[in-house]
Amino acid sequence: MNVHLLGAHECESQNSKLISLLIDDVLAIDAGGLTSSLSLPAQQKIKAILLTHQHYDHIRDIPAIAMNLYLAEARINIYATSPVYDALTAHLLNDKLYRNFLEQPPEKPTIKFTIIEPLKPQQISGYSVLAVKVNHSVPTVGYQITSPDGKTVFYTGDTGPGLTNCWEHVSPRLLITEITASNRYEDFAREAGHLTPSLLKQELISFRKLKGYLPQVVTVHMNPRLEKEIEAEIADVSSALDNSITLGYEGMQLDL
Ligand SMILES: [Zn+2]
Ligand SMILES: [Zn+2]
């Protein structure tokens, strides 16, 4: 399994892109940095996009990739929970802001949307996919993806602390987790449903207690302005837990 981090930040700039992961070139999770990272043929190779939640930085490229595929007479499968579907159809895919690719072209719409339910494993493009609820300001799920040869990654989506229930359902070899802010912003992080290095440390301690091991950990969704601080604080957590925890970055390739 190859996991390619297309976007690893919560702000977009010349040097940072919004969140998107791509697995084996065919399965994308979140759509913040898809179109700006991939050639048109690479976009056409994607079979399915999983969305963790409705926030703009995670869904932004849906209309953009749909237009590219529409012009190529191609199609894409999008999977998300029902609150995300409701938000997208109410506010984005509605023929007001842009063409509604859920219904266009009428004979074969570009987007085929499937609603998924948390904790009901599903086969998507050959992968076993499990959505697990996490703790953010809007309904959000993380995704555990298991490849046909049994390699497993879990991506948290945006989440605050309190992941013990979530950990009960997943057993990844690689954990891609959000870290949005540095430790001095803990109050903000708790309120907005995000993690800091010290909050992640507590979550990893609870993971190890429950599972008896720790996975390799890569962090995403950093505020670029806090990245140096986050990096130093993550290094402390990594050595305290004696486990590999590294910052993700755009273009990073992780092979399992
Ligand atoms: Zn969010
Ligand atoms: Zn976000």
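Every value quoted in this text rests on a predicted model; they were computed, and no experiment measured them.

**Topic: the environment of His194**
Along the chain, His194 turns up in the loop between helix H6 (186-192) and helix H7 (197-211). Residue classification places His194 among the buried residues on the basis of a relative accessible area of 7%. Non-local contacts of His194, meaning those with residues more than four positions away in its chain, are made with His136, Asp158, Thr159, Gly160, Pro161, Glu178, Thr180, Phe188, Ala189, Leu199 and His221. A distance of 2.6 Å separates polar atoms of two side chains, one belonging to His194 and the other to Glu178. Of the polar contacts made by the side chain of His194, one reaches the side chain of Thr180; its length is 3.1 Å.

**Some points on the side chain of His9**
Looking at the element boundaries, His9 is found in the loop between strand S1 (2-7) and strand S2 (20-23). The class of His9 is buried, set by a relative accessible area of 4%. One polar contact links His9 to Glu227, side chain to side chain, over a distance of 2.6 Å.

**So, the coordination of the zinc ion (ligand 1)**
Donor atoms from the polypeptide that coordinate the zinc ion (ligand 1) comprise His53 (NE2), His55 (ND1), His136 (NE2) and Asp158 (OD), at 2.2 to 2.3 Å from the metal. All donors to the zinc ion (ligand 1) come from one chain, and their sequence spacing reads H-x1-H-x80-H-x21-D. The zinc ion (ligand 2) is placed at 3.5 Å from the zinc ion (ligand 1), the two being bridged by Asp158. Given a relative accessible area of 25%, His55 falls into the partly exposed group.

**Quick notes on the coordination of the zinc ion (ligand 2)**
Coordination sphere of the zinc ion (ligand 2), protein contribution only: Asp57 (OD), His58 (NE2), Asp158 (OD) and His221 (NE2), at 2.1 to 2.2 Å. Its four donor atoms give the zinc ion (ligand 2) angles of 89 to 171° at the centre, a pattern that matches the irregular case. The exposure class of Asp57 is buried, given its relative accessible area of 14%. What makes His58 buried here is its relative accessible area of 0%.

**Description of the sheet that holds strand S11 (residues 174-178)**
Strand order in the open sheet formed by seven strands is S7-S8-S9-S10-S11-S12-S13, and the pairing between neighbours is mixed. Looking at which strands have only one partner, the edges of the open sheet turn out to be strand S7 (122-124) and strand S13 (245-247). Sheet twist, expressed as the average angle between the axes of neighbouring strands with direction ignored, equals 25°. Lying over the sheet, H7 contacts S11, strand S12 (216-220) and S13, oriented at roughly 150° with respect to S12. Its contacts with the sheet place helix H8 (residues 227-241) against S12 and S13, and it is angled at close to 170° to S13.

Quick notes on the rules
All residue numbers refer to positions counted from 1 along the written sequence of the respective chain. Here every chain gets a letter starting at A, and every ligand a number starting at 1, in the order they are written. Local features in this predicted model are restricted to residues of pLDDT 70 or higher, and side-chain atom pairs are both shown and tallied only at a pLDDT of 80 or more, whereas totals for entire chains, interfaces and linings draw on every residue. The side-chain quantities take in all heavy atoms of the structure and omit both hydrogens and water. The numbering of helices and of strands both runs from the N terminus, where a helix is a DSSP run of H or I of at least 4 residues and a strand a run of E of at least 2. Burial classes follow relative accessibility: with a 1.4 Å probe on protein chains only, a residue under 20% of its type's maximum area counts as buried, one over 50% as exposed, and anything between as partly exposed. By definition in these notes, contact holds between two residues if any of their heavy atoms fall within 4.5 Å. Side-chain atoms alone can form a polar contact between residues adjacent in sequence; in general such a contact is a pair of N or O atoms within 3.5 Å, and within protein one must be able to donate a hydrogen while the other accepts it. In this description, a donor is an N, O or S atom within 2.8 Å of the metal centre, a cutoff extended to 3.2 Å for sodium, potassium and calcium. Water is not part of the atom list, which can make sites seem incomplete. Irregular is the label for any site that misses the other tests, which are tetrahedral for four donors with all angles between 85 and 135 degrees, and square planar for four donors or octahedral for six when opposite donors exceed 155 degrees and the remaining angles lie between 65 and 115. Whether two strands pair depends on DSSP finding at least two bridges between them. To obtain an axis, a line is fitted to C-alpha atoms, over the contacting stretch when the element is a helix, and the angle between two such axes runs from 0 to 180 degrees between their N-to-C directions.

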